[in-house]
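In case you want the letters, here they are:
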Amino acid sequence: MSAIFTAVGVAVGVTLVLWLATVPGALQSRADRESWREASYSSQADFEQRSADASILVASSRDNVGTQRIERYDVAALKPNVPLAAGIPKVPGPDEVLLSPALAKLAVSLPADQLADRFKGKVVGQFGPEALKFPDELVAMVGHDPSDMPNAGPRDGLTSSGVRGEVNELLVFLSRIGIVVLIAPCLVLVASAARLTAARRERRLAALRLAGATPQQVISMTAAETAVASIVGAVLGVGITFPLRELTALIPWDGGDWYPSDWTPSGLLIAGALVLAPLLVVGAAVLGLRRVVNRPLGAAQQQNKRQPNAARLLWLVGAAVAFVVAIGAAQNSKGDSGMFFVLIGLALVAVSLVFVGPLVTSLIGRIFTRRWRSPATLLAGRRLMDDPKAAFRASAGVVLAVFAGSMALAMFPTVENQIGYSTGKWRDGVFVAEGTGHTQEQIAALKSDLSARGVDAPVIEVGEGSFRSNSDRNRTMPGFVLSCSDAAKVLGARVEGCRPGPAIYLPRGTALDPSRLEFQSYTSKSGDYVALPQGVSVREYNPQGWYGILMDPAVFGSTPDGNGTVAVVTTPANRDVVHTMVVRNLPGVSLYSNERYNARADTLAGDLRRATLLGLSIATVLGGVSAAIAAAGSVVDRRRTFGALIAAGTPVSVLTRALRREAMLPALVATLGAGVAGVLVGSGLLTLIKGELELNPWILTPVVLGIIVALMAAAACGPVLRRVSARDYSDE
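Model, not experiment: these values are computed from the prediction.

Definitions and cut-offs
Residues numbered from 1 in each chain as written. Predicted model: local features only at pLDDT ≥ 70, side-chain atom pairs only at ≥ 80, totals over all residues. Heavy atoms only, no water. Helix = DSSP H or I, 4+ residues; strand = E, 2+ residues; numbered from the N terminus. Rg over C-alpha atoms; globule rule 2.2 N^0.38 Å. Buried < 20%, exposed > 50% of the residue type's maximum accessible area, 1.4 Å probe, protein only. Areas by Shrake-Rupley, 256 points an atom, 1.4 Å probe, with all protein chains shown as cover. Expected span 1.5 Å × (residues − 1). Arc of directions from axis to C-beta. Disulfide = S-S within 2.5 Å. pLDDT = per-residue confidence, 0-100.

Visitor: I'd like to hear about the overall build of the protein, residue by residue, with values.
Guide: When helices and strands are tallied, the protein shows 23 helices and 16 strands. Taking 2.2 N^0.38 as the reference for a compact globule, 732 residues should give roughly 27 Å; the C-alpha atoms of the protein span a radius of gyration of 34 Å, well beyond that estimate. With respect to the principal axes defined by its C-alpha atoms, the protein has extents near 105 × 60 × 50 Å. Considering the protein as a whole, with its 732 residues, one finds that 49% of them fall into the buried category. On the protein, roughly 33,600 Å² of surface is accessible, and the fraction owed to carbon and sulfur atoms is 60%.

As structure tokens, this is what we get:
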């Protein structure tokens, strides 16, 4: 039975460790497949050289249909035989389009004016999986004539140039932390399974030592027995990893699921698991034989074991100091070296909690044996005091789960707040084409298309720039150039009481002398500041989401040096059609709307919640299972003791209550301590992403769940205890 539990525990541990260790590789695989989308330059000279040898013009933008993101690339070939990444069949020529399989299917299923009309031309091919982040990604590549793309970037090809894709640093940061804090409960589960019936095995081996077996023979027997079970478990765990890829690939992340191949562990990782897992289990089993080898008589008689001393607290103090030092080093370092030491410090804190646990358990036992007099509490207290290491073993997994959960929930609100939502700068229902990637001819074509379809959607050209005072030229304020009535249509600010005549509009309560103001247009060829004409009227508006100066175009007689932004006002009835017309006629521009921006933020927040919930669930299940195994194993190891107590007339109900209190008392104190440690560690990690701790009631959830899980694990002792009788004592 012990071998079976050991094999199962090792299999579960190896499976989860491989799964967790594959997370960074899965993220990197996604990033590598999309590395062709952005050019990478080693220096300014490299950029200039490649631009001179450019074979294609590229303008990238992001679009959406519903809540799904579309990655769009408008291209124009400058030379034949453009270098292409795997998965791109060809460079589309003018009026030709490449679509990903999912986008091609979606374009056919929706009315043309809602999606397909956004892509001018005939679909001439589809992207292969090698060029897509995930199977259902929506990607479009639209071909143009070079003259239609005046602001596109030159590139020497659509390849990655041998550079690996860049993974979101926040995702890497969170995934590495998750790996460290979840591997620890996996190891506790393996240890709990491996130590099942450890006491009975110790007595059996001690009897062999007393009968004449040498230490080497005892160690060899234990190593062989444990190695067989652990090797079987490791092989089984590796085997489970491959079908598990299919399920993992269904977990949505960043707008889509995964290719199963993303979750394939490397050969080195598999080899490491197959070697290290059995070595760790065998090593733990052999180290547990110290008393059998050195004092076989004491092991056979189950004499009291050595008590933990207060020096164990130094481990916790040392781990805390190491973690703080690592945080400071990471804040001042560049690259991954600082993060490596942070992960080491985090692992040391987790290990120190387990190392200090027996000392806390022993202290609790002393308190209860001195102050409480009920039989069940005295029995539990004596157990905690006599063998605190074995008593704490049932709580170790729960403690680590609470530590991981408290740390995650302490960080979650701050990390979620760093996901940007719309500020209210623009009104809802307004599409904003930002930048200078369009021409006046394209704007005229957009207005013509909307008019031809009978769509009432005002197209408003907005100039952008900055203002400064000639008395303080180091202080600037952003500005928009548009009429008061147009500002009321497109901006989130309250612009009221529009009156005829040139004027500037200041945020309410702002004191500026208009006679000293100068304006610089972002689209100005000269880049010079121009003084405002004298006698310009000054009015006020109520800002929201944007704090700047509004200037009527009539102040200068016309918009200075052209416009950089186009805003189109829509209604719910015509929003999809207008969206299609804007994207179709203004290729390569960055299109913004509050609805699109918030939908993207909701996707990221959902990913974060999903990852947090999944991690907490894994930690809770691992902690609960390891606690149940350890609690049940403690009953099996003490069958002779319980048999003697039952033979002496102790009611089974008293023993059951003693077992529950034995499991609950250290778990209650340890989970509270682990919860506090998790919050403190989480607050330290937040400093790496420039965040601050936000206390909230949800932080207490892991502690409550930990206590509940510990109680449920303690309940697992009941069925095992009921199988013990006085005969077990006589059999021993």
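From this point, things continue past the structure.
Visitor: Which residues make up the environment of Leu721, and what values go with them?
Guide: As for its position among the elements, Leu721 is in helix 22 (residues 717-722). Expressed as a C-alpha distance, the spacing of Leu721 and Gly643, which sit 78 residues apart in the sequence, is 9.6 Å.

Visitor: Account for helix 21 (residues 701-715), with residues named and values stated.
Guide: Compared with an ideal rise of 1.5 Å per residue, which puts 15 residues at 21 Å, helix 21 spans 21 Å between its outermost C-alpha atoms and is within 8% of the ideal. Those residues of helix 21 that fall on the buried side of the exposure criterion are Pro702, Val703, Gly706, Val709, Ala710, Ala713 and Ala714. For helix 21, the angular spread of buried residues about the axis comes to 140°, placing them on one side.

Visitor: Can you break down the state of the cysteines residue by residue, with the values?
Guide: Inspection of every chain in the model, using the stated rule, returns 1 disulfide. Note that Cys484 is cross-linked by a disulfide to Cys498, the S-S spacing being 1.8 Å. For the disulfide bridge between Cys484 and Cys498, the dihedral angle about the S-S bond is near -75°, and by the sign convention the bridge is left-handed. Within this pair, whereas Cys484 is found in helix 16 (residues 484-490), its partner Cys498 is found in the loop between helix 16 and strand 10 (503-507), the two being separated by 14 residues in sequence.

Visitor: Describe the confidence of the model for the protein, with residues and values.
Guide: For the protein, the average pLDDT comes to 82, and 90% of its residues sit at 70 or higher. Taken element by element, the protein is modelled with least confidence in helix 23 (residues 726-731), mean pLDDT 52, and with most confidence in strand 3 (residues 96-99), mean pLDDT 95.

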